[in-house]
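Fold and contact review
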Amino acid sequence: MAAYIARRLVMLPLVAFGVTVLIFALLSFLDPAVRAGAFITNPNQLKAIDSIIRTYGLDRPIYEQYWTWLREVFRGNLGWSQTARMPVREAIAAFFPGTLELTFYAFVPIMLIGVWLGTAAAVHRDRLVDHLSRIFSISFRSLPSFVWGLLVLMVFYGRLSWFPPGRLSLDADLFVRSGQFHAYTGLVTLDALLNGQLWIFADALRHIAGPAITLTMVSIALLVRLMRSSMLEVLNQDYVRTARSKGLAEPVVIDKHARRNALIPVITLSSYTIVSLLGGVVITETIFNFPGIGRWGAFAAQQLDIPGVTGFTMFVAALTVLGNLAADVLYVFFDPRIRLR
Amino acid sequence: MGLAAVTRGFHEHRPRLAGVAALGAGLAVLALAVPLTRERVAQAPFAAAQCLLLVVAVATFWVIPSDLTRRMRKNPLSVAGFGLIAAFVAVAILAPILAPPPATSRDPYIIPQEGFASVPTPPRPGHPFGTTEGQYDLYYGIVWGARTAFRVSILVIAIAVAIGLVVGGLSGYYGGRVDEAMMRLTDIFLAFPSLVLAVTVVAVLGRSLTNVMIAIAIVHWPIYARLLRGDILSVRGRDYVEAARAAGAGDVRIIVRHVIPNAIYPFLVLSSLDMGLIVITAAALSFLGLGPDVGYADWGTLINLSRTWILGRPGEPFAYWYVLAYPGAAIFLFVLGWNLLGDAFRDILDPRLRASG
């Protein structure tokens, strides 16, 4: 096991290096004046763009430019994001907590409902529940997230006025920005609880519900199918047959013997789910005007804020690589059949 | 398969083929007999002929019993998926007949506008699905959008498959260091959520439909490369490949004659599931404002136009339902068709997966 994980860890910097090469290869399609933006940390510098091109050697051969660029990236200087009106690094720090919070509120229902529905579908194979879960999962998979999001907005905000877009209502936002509220983590719902302000917690939850429902709908299908097939496989195993033949009650067999083992691949793949949610936030945050990293990335792409887009992309790529590594490690850790090998 | 086999097959299924011929002839007569359709068919005879050919081809495939059709008949969902896709193909082919472009238009993909008022107008005769923001006709946009959807997905798959074949083929066939290098290359591309990488590529290359296709192909090729590599690895050690090599067959011949035929079915499953995914990704990029210009017949662009109107008027939350419902339904049914077909292909072609999943 150690050798396998060590191999993955050795590969990690290699992949990270490749990601920077890929991003830089994309950047090299651009005009030097546009690329100079990546080195600007202050809007006043925009006036001296020619001297910046010369200072940073954007008229030099491409491999030299790559090293210069990489050095700056390693120093944490990702440039100035015009859409966020702050350095890219600060923009990521400012927008990421919102996305993290949203991902959490989508991830929990996905796991709970997915495991429950997948188990039910496997236990009652080829019965009504199974067919319904199949129809739901294929329909949810076929409806694009932006159509889902717009439908949710139409019904829950337009018709019912339950889940408004944005992050907080005006009065709650003013209170959060005032001196009376201490931002411990940047996660508004958690901070509200820590400050003992239940009304802010409720308000934040109301705003997060719309995008969280949308993300859940879009991503749940995969988990239901995974849980179902994993459960079906376990139900065919000898130890389940043994448990049944011992005369154990069916609920005990299913809960204690089958489901616990069927959860292994589901848990290990949960970090893939988080990664796919991180991709999904680009659309949902844009629709619900939720100030997170996805809405900023999409806006930066529309406005040709290149430092913003590349900074956003590299940050998400780093998270994805770490998420995939976590999945591999968890898999080896949870499955003794692999560990013993 | 020689000419003799074809004639034998023809005689064997003669009554069924006669039925197909009758269907085709009936449709042709109907199209020419009704005055309205006759006029439109006369304007676009090629589209009509293509569609007739398609109907005959599909019907022939369906009536001649084969292993594939026998298994499809047992699986109603696959028939539904097949029907949906056939319907979309027919709509795409018949676009010039279903929604004739105005005589003055230079590019049929540009949706005709009826004035420039921004408020959408509801469905009525002449505009069966209503008009959206900027008075673009929704029906016209959806019919021609079907052509855009097929063009985008087929081109993207062609590019992704071409790159995937080269990379996966080299990787699986030569193994060792080549394999390691190629697989790390796919790792790099898989280190991004697909939409995020596509957004970046379009942002850098500039926003246009061509760049949307390039971006999605860049995102999708690693899956094909990995699939093909796995298939080659699994057949490489087989006896019949060793036998072919012992008989003096070269690398290219082994790949073309033995490896690709064995890899073709998983490939079909993956690409039909991918067709839907590609159209969703392309529409998502258009929705984010990174696709073709406003007014181009593209479902994602139409949905983007609906964003301002989905909350309706005060007191009438669903006043402009049609601006989202029609393009949303088009894209949903298109993707659903490919997903049903892909799932069914997988069940049909891979009994192992059928047992477990």
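Our subject is the structure listed above.
Residues numbered from 1 in each chain as written. Chains lettered and ligands numbered in written order. Predicted model: local features only at pLDDT ≥ 70, side-chain atom pairs only at ≥ 80, totals over all residues. Heavy atoms only, no water.

A short note on the overall build of chain A
- When helices and strands are counted, chain A shows 16 helices and two strands.
- Based on the C-alpha atoms only, the size of chain A along its principal axes is roughly 80 × 55 × 40 Å.
- The burial tally for chain A puts 50% of its 341 residues in the buried class.
- Looking at chain A alone, contacts between residues at least 24 apart form 70% of all its contacts between residues at least 6 apart.
- Surface summary for chain A: the accessible area is close to 16,700 Å², and the carbon and sulfur share equals 64%.
- Both charge centroids of chain A, one from 30 positive and one from 21 negative side chains, sit 7 Å from each other. (Helix = DSSP H or I, 4+ residues; strand = E, 2+ residues; numbered from the N terminus. Buried < 20%, exposed > 50% of the residue type's maximum accessible area, 1.4 Å probe, protein only. Contact = heavy atoms within 4.5 Å. Areas by Shrake-Rupley, 256 points an atom, 1.4 Å probe, with all protein chains shown as cover. Lys, Arg positive; Asp, Glu negative; His and termini not counted. Charge placed at Lys NZ, Arg CZ, Asp CG, Glu CD.)

Focus: a nonpolar patch on the surface
- Together, Leu165, Val166, Leu170, Tyr174, Val178, Val252, Val256, Ile260, Ile264, Tyr265 and Leu268 of chain B line one region of the surface with nonpolar side chains, adding up to about 930 Å² of accessible area.
- It is helix 13 (residues 251-287) of chain B that provides the largest number of residues to the nonpolar patch, a total of six residues. (Patch = residues over 30% accessible without salt bridge, like charges linked within 9 Å, V, L, I, M, F, W, Y side chains within 5 Å. Salt bridge = Lys/Arg side-chain N within 4 Å of Asp/Glu carboxyl O.)

Quick notes on the interface of chain A and chain B
- Contact with chain A, which involves 52 residues of that partner, is made by 47 residues of chain B.
- Both sides of the chain A and chain B interface together cover about 4,300 Å² of buried area, and 78% of this is carbon and sulfur.
- On the chain A side of the contact with chain B, Phe146, Leu150 and Met154 of chain A bury the most area, a combined 15% of that side's loss.
- At the level of elements, helix 1 (2-27), helix 6 (128-142), helix 7 (145-159), helix 10 (198-235), helix 13 (270-287), helix 14 (293-302) and helix 15 (306-334) of chain A are the ones that each hand at least two residues to the side of chain A that touches chain B.
- Of the residues assigned to the side of chain A that touches chain B, the class counts are 34 nonpolar, 11 polar and seven charged. (Buried area = accessible area lost by both parts, 1.4 Å probe. Nonpolar A, V, L, I, M, F, W, Y, C, P; charged D, E, K, R; others polar.)

What about the packing of helix 11 (residues 238-245) of chain A against helix 12 (residues 250-268) of chain A?
Residues and elements named next belong to chain A.
- Where helix 11 meets helix 12, the axes come as close as 10 Å, and the angle between the chain directions of the two elements is 160°. Of the possible angle classes, the one that applies to helix 11 and helix 12 is roughly antiparallel. Considering the relative orientation of helix 11 and helix 12, their crossing is right-handed. Within the contact between the two elements, helix 11 uses Tyr239, Val240, Ala243 and Arg244 and helix 12 uses Glu250, Val253, His257, Ala258 and Asn261.
- Among the residues making up the contact of helix 11 with helix 12, the classes are represented as five nonpolar, two polar and two charged. (Axes fitted to C-alpha atoms, helices over the stretch in contact; angles between N-to-C directions. Parallel < 35°, antiparallel > 145°, perpendicular 65-115°, else oblique. Left-handed = near helix turned anticlockwise from the far one by under 90°.)

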